[in-house]
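The primary structure of each chain is shown beneath.
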Amino acid sequence: MQQNSPRPGIYLVTDPPLSLATHAPERHFRSEAERHSAAIDLTTQLVETVVAAGVSTVQLRWKNVEARYFYDLSLAVSDVTAGTADLIINDRVDVYLAAREAGAQLAGVHIGQTDLHPSSVRKLIGQDAQIGWSVSQPAEIVEANRLADVIDSAGVGVLRATATKTDAPPPLGFDGIARLADELKVPTTAIGGIKTADIAHLAPSVHNIAVVSALVASPAPGQEAREMVRLFNHARQPGETFTANAQGA
Ligand SMILES: Cc1ncc(COP(=O)(O)OP(=O)(O)O)c(N)n1
Ligand SMILES: Cc1nc(C(=O)O)sc1CCOP(=O)(O)O
Ligand SMILES: [Mg+2]
């Protein structure tokens, strides 16, 4: 197995357009650059808030945006996660490499079944960076386990239907997630339609629990994140609990 162990705990996946729609629905922008700049600011503030509440991993996911804005977001968020939470880049290995080169503290990348293959990504990013890979059905487990010395974790979902990802795979339910997690040789991150009320039920069977809308669209993301972290730690065995600020990077 790869040695770049992901931190256990609550995992935020960002959605800058949803941050804008939630927190600045009426705001008028004179240009796309101004809109993206506001989305970067709101996302960076959200990350700072939830990491202070104990969120241990943040994945920057910004679909269909120009690379330059994604790169700017990576540098801005790295300033608030460095030394406290793992920062992961979704899809864009080019953005990961460029931001790392510019000094961003990045833990790795998350890629899906139709993104670059994990073996290619490993050659590009080196041995010391995490690779998370999406696994959403039993047929994909064989290949994920075959690649257990290439990948560091598997994103397993969806728990239930979600409006956040238009091409999300069919729901697995709690039993389906637990079964996939059990069969995978790498640590798993549950994702897809997860709310605070699901944390206690999911925490014993997975390594991380990832949410988008439950935090990004929350009117009180700090309180919501603190409650998620409390429920996660409570559901784990003593000694397995995680507090981001207490552990450092
Ligand atoms: C932790 C985690 N798991 C799964 C995904 C989904 O990745 P992918 O299948 O590549 O889909 P997109 O996120 O790129 O739309 C994820 N992002 N994170
Ligand atoms: C980014 C993503 N990946 C998924 C997968 O199953 O691979 S579901 C998903 C979106 C999850 O958003 P929410 O927490 O708002 O339901
Ligand atoms: Mg992807």
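Residues numbered from 1 in each chain as written. Chains lettered and ligands numbered in written order. Predicted model: local features only at pLDDT ≥ 70, side-chain atom pairs only at ≥ 80, totals over all residues. Heavy atoms only, no water.

Describing helix α2 (residues 32-52)
For α2, with 21 residues, the first-to-last C-alpha span of 30 Å sits near the 30 Å given by 1.5 Å per residue. For α2, the set of buried residues is His36, Ala38, Ala39, Ile40, Leu42, Thr43, Thr44, Leu46, Val47, Val50 and Val51. Looking one or two residues past α2, glycine 54 carries a phi angle of roughly 110 degrees, positive in sign. (Helix = DSSP H or I, 4+ residues; strand = E, 2+ residues; numbered from the N terminus. Expected span 1.5 Å × (residues − 1). Buried < 20%, exposed > 50% of the residue type's maximum accessible area, 1.4 Å probe, protein only.)

Thoughts on the side chain of threonine 57
Structurally, threonine 57 is set in strand β2 (residues 57-60). Leaving out residues up to four positions away in the same chain, threonine 57 has contacts with Arg7, Ile10, Tyr11, Leu12, Ala85, Asp86, Ile88 and Asn208. (Contact = heavy atoms within 4.5 Å.)

A closer look at empty space enclosed by the protein
Using the criterion set out here, one finds one cavity of 30 Å³ or more in the structure. Of the volumes computed, that of the largest cavity is approximately 90 Å³. Lining the largest cavity are 14 residues, and of these Tyr11, Ile88, Gln130, Gly132 and Ser153 sit closest to its centre. Among the secondary structure elements, those contributing two or more residues to the lining of the largest cavity are β3 (86-90), β4 (108-111) and β5 (130-135). In terms of residues, the lining of the largest cavity owes the most to one element, β5, which gives three residues. A per-class count over the lining of the largest cavity returns five nonpolar, seven polar and two charged. (1 Å grid on protein atoms, 1.4 Å probe; cavity = no way out; pocket = protein on both sides within 12 Å on 5 of 7 lines; lining within 4 Å. Points joined across faces, edges and corners; volume = space filled by probe spheres on them. Nonpolar A, V, L, I, M, F, W, Y, C, P; charged D, E, K, R; others polar.)

A few points about helix α1 (residues 16-23)
Within α1 the residues assigned to the buried category are Pro16, Ser19 and Leu20. The buried residues of α1 occupy an angular sector of 100 degrees when the element is viewed end-on, so they sit on one face. Elements in contact with the buried residues of α1: α2, α3 (67-81) and α9 (213-216). (Arc of directions from axis to C-beta.)

A word on the pairing of strand β8 (residues 208-211)
The side-chain alternation of β8 yields two buried faces, one formed by Asn208 and Ala210 and the other by Ile209 and Val211. Bridging between strand β1 (residues 9-13) and β8 involves four bridges; their strand directions are parallel. Across the sheet, residue leucine 12 finds its bridge partner in β8, namely valine 211. Pairing of strand β7 (residues 188-191) with β8 involves two bridges; the strand directions are parallel. Residue pairing for β8: threonine 189 is matched across the bridge by asparagine 208. (Pairing = 2+ DSSP bridges.)

Structural notes on the sheet that holds β4
Read around the closed barrel, the eight strands follow the order β1-β2-β3-β4-β5-β6-β7-β8; overall the barrel is parallel. Shown here is a sheet whose adjacent strand axes are inclined to one another by a mean of 25 degrees, direction ignored. Relative to β4, β3 is paired through three bridges, and the arrangement is parallel. By the bridge assignment, isoleucine 89 is partnered in β4 with valine 109. (Axes fitted to C-alpha atoms, helices over the stretch in contact; angles between N-to-C directions.)

Brief notes about the pairing of β7
Looking at chain direction, strand β6 (residues 153-157) and β7 are connected through four bridges and run parallel. Residue pairing for β7: valine 156 is matched across the bridge by alanine 190. Following the chain from β6 across helix α7 (residues 173-183) to the adjacent parallel β7, one finds a crossover that is right-handed. (Right-handed = clockwise from strand over helix to strand, strands pointing away.)

Remarks on the coordination of the magnesium ion (ligand 3)
Of the protein atoms, only Asp91 (OD) and Asp115 (OD) coordinate the magnesium ion (ligand 3), at distances of 2.0 to 2.3 Å. Here aspartate 115 lies in the loop between β4 and α5 (118-125) and aspartate 91 lies in the loop between β3 and α4 (93-101), a separation of 24 residues in the sequence. Classification of aspartate 91 as partly exposed rests on a relative accessible area of 22%. Looking at aspartate 115, the relative accessible area reads 28%, which means it is partly exposed. (Donors = N, O, S within 2.8 Å, 3.2 Å for Na, K, Ca; no water.)

Observations regarding the UniProt feature "binding site: Mg(2+)" (unreviewed entry) in the chain
The UniProt feature table records "binding site: Mg(2+)" (unreviewed entry) at Asp91 and Asp115. In three dimensions, the annotated residues from a span of 25 residues occupy one location, with a maximal C-alpha spread of 6.5 Å. Considering only the annotated residues already named, the ones lining the largest pocket are Asp91 and Asp115. Excluding its chain neighbours within four sequence positions, the residues that come into contact with aspartate 91 are Lys63, His110, Ile111 and Asp115. Within the local environment of aspartate 91, its side chain forms a polar contact with the side chain of lysine 63, the two groups lying 2.5 Å apart. (UniProt positions renumbered as here; feature names shortened; annotations may be inferred. Polar contact = N/O pair within 3.5 Å; in protein donor to acceptor, adjacent residues only side chain to side chain.)

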